[in-house]
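# Chain and residue survey
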Amino acid sequence: MRTAFMAGNWKMNKTPSEAVAFAKELVEALKGANAKALVAPTFVALPGVAEVVKGSNVLLGAQNMASVESGAHTGEVSADMLLDIGVQYVILGHSERRAIYGETDSLINTKVKFAIEKGLLPILCVGETLEEREAGKLEEVILTQVKEGLKGVSEADLAKVTIAYEPVWAIGTGKTATPDDADAVHKYIRKVIADLYSGSAADAIIIQYGGSVKPDNVKELMAMENIDGALVGGASLKTDSFKSIVFFDK
Ligand code: PEP
């Protein structure tokens, strides 16, 4: 039985004081949820939001993390810094990190392994562009991103990993993959995990869908066999819409 997991990626939105005020509202609004709920504010908002969510059912994630321990890495934020303020999860390989900041599968894999080693739980994002989908490369892209992203991760450690399938063409565009299309890719990801690890690992892994998830499409997505949650951008920025997503089962 996989527990539903809804994660809000706030991206580069909300100042630290706005983030704290919003987190206070969310902590109240998300009380009693059956689904796991996580918020991922910007780095500078993390300490304030960490104080607000402490002791609540709202989990805390970062949107990225350095691939190395410490030292001369201007502009980077380390795993230890995140752990020190109470961060539990880290989103890695988001398509914006891949496309805008040139993150490669190899760098993302280093971060995934480093996060696990440090005790942070990675949410590994994978997904194809429209061009790749139209060229018939969907499975090839997903296979590469999953296989390379998880290279060297043991089956025991895989239990700490969440995968987020986010078709790039559906992120922030208002276009959602149909529930059937999304489920087919999630099913394929489970097959890849079964081939790389085992059938039981494939059954157990949580696979979120991301790409314009909203209160009015979350139910039909969550009704699909292989969709276990959502990684939400735009609709995670307002209390009512994120609450409706987290309480999709009510
Ligand atoms: C995301 O950024 O991961 C995302 C899915 O964004 P949106 O929900 O806005 O499409």
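Let us look at the structure shown here. Throughout this description, residue numbers start from 1 for each chain and increase along the sequence as written. Where totals are concerned, whole chains, interfaces and linings use all residues; where local detail is concerned, this predicted model gives features only for residues with pLDDT of at least 70, and gives and counts side-chain atom pairs only at 80 or more. Derived side-chain values reflect all non-hydrogen atoms in the structure, with water molecules and hydrogen atoms excluded from consideration.

### Notes on the nonpolar core
Definition of nonpolar core: a set of buried residues of the types Ala, Val, Leu, Ile, Met, Phe, Trp, Tyr and Cys, connected through side-chain atoms within 4.5 Å. Whether a residue is buried, partly exposed or exposed follows from its accessible area with a 1.4 Å probe, protein chains only, as a fraction of its type maximum: under 20%, in between, or over 50%, in that order. In terms of nonpolar packing, the biggest core is built from 75 residues, with Met 6, Leu 150, Ile 163, Ile 189 and Ile 193 touching the most fellow members. The helix count covers DSSP runs of H or I at least four residues long, the strand count covers runs of E at least two residues long, and both are numbered beginning at the N terminus. Considering every element that reaches this core, the biggest residue donor is helix α9 (residues 179-196), with six residues. By size, the runner-up hydrophobic cluster in this structure holds 12 residues, among which are Phe 5, Ala 7, Ala 40 and Ile 206.

### Here's the deal with the layout of surface pockets
Within this model, the largest pocket holds a volume of roughly 410 Å³. Grid points spaced at 1 Å and placed over the protein atoms alone form the basis of the search, with a cavity being a set where a 1.4 Å probe fits but cannot get out and a pocket an open set showing protein on both sides within 12 Å along at least five of seven lines. Lining residues have an atom within 4 Å of a point. Along the walls of the largest pocket sit 15 residues, with Lys 11, Met 12, Gln 63, Arg 97 and Tyr 101 positioned nearest its centre. Broken down by element, the residue count for the lining of the largest pocket peaks at four residues, all from helix α4 (residues 95-101). For this classification, Asp, Glu, Lys and Arg are treated as charged, while Ala, Val, Leu, Ile, Met, Phe, Trp, Tyr, Cys and Pro are nonpolar and the rest, including Gly, are polar. Per-class residue counts for the lining of the largest pocket are seven nonpolar, five polar and three charged. Here the second largest pocket is characterised by a volume of approximately 190 Å³. Grid points are joined across faces, edges and corners, and a volume is the space filled by probe spheres set on the points.

### Points about helix α1 (residues 16-29)
Helix span, expected: 1.5 Å multiplied by one less than the number of residues in the helix. Taking 1.5 Å of rise per residue, the 14 residues of α1 would be expected to cover 20 Å, and the 20 Å separating its terminal C-alpha atoms lies within 8% of that figure. If you check which residues of α1 are buried, you get Ala 19, Phe 22, Ala 23, Leu 26, Val 27 and Ala 29. Angularly, the buried residues of α1 cover 155° about the axis, an arc narrow enough to put them on a single face. Facing away from the buried side of α1 by over 90 degrees, the exposed positions are Ser 17, Lys 24 and Glu 28. For this quantity, the arc is that covered by the directions from the helix axis to the C-beta atoms.

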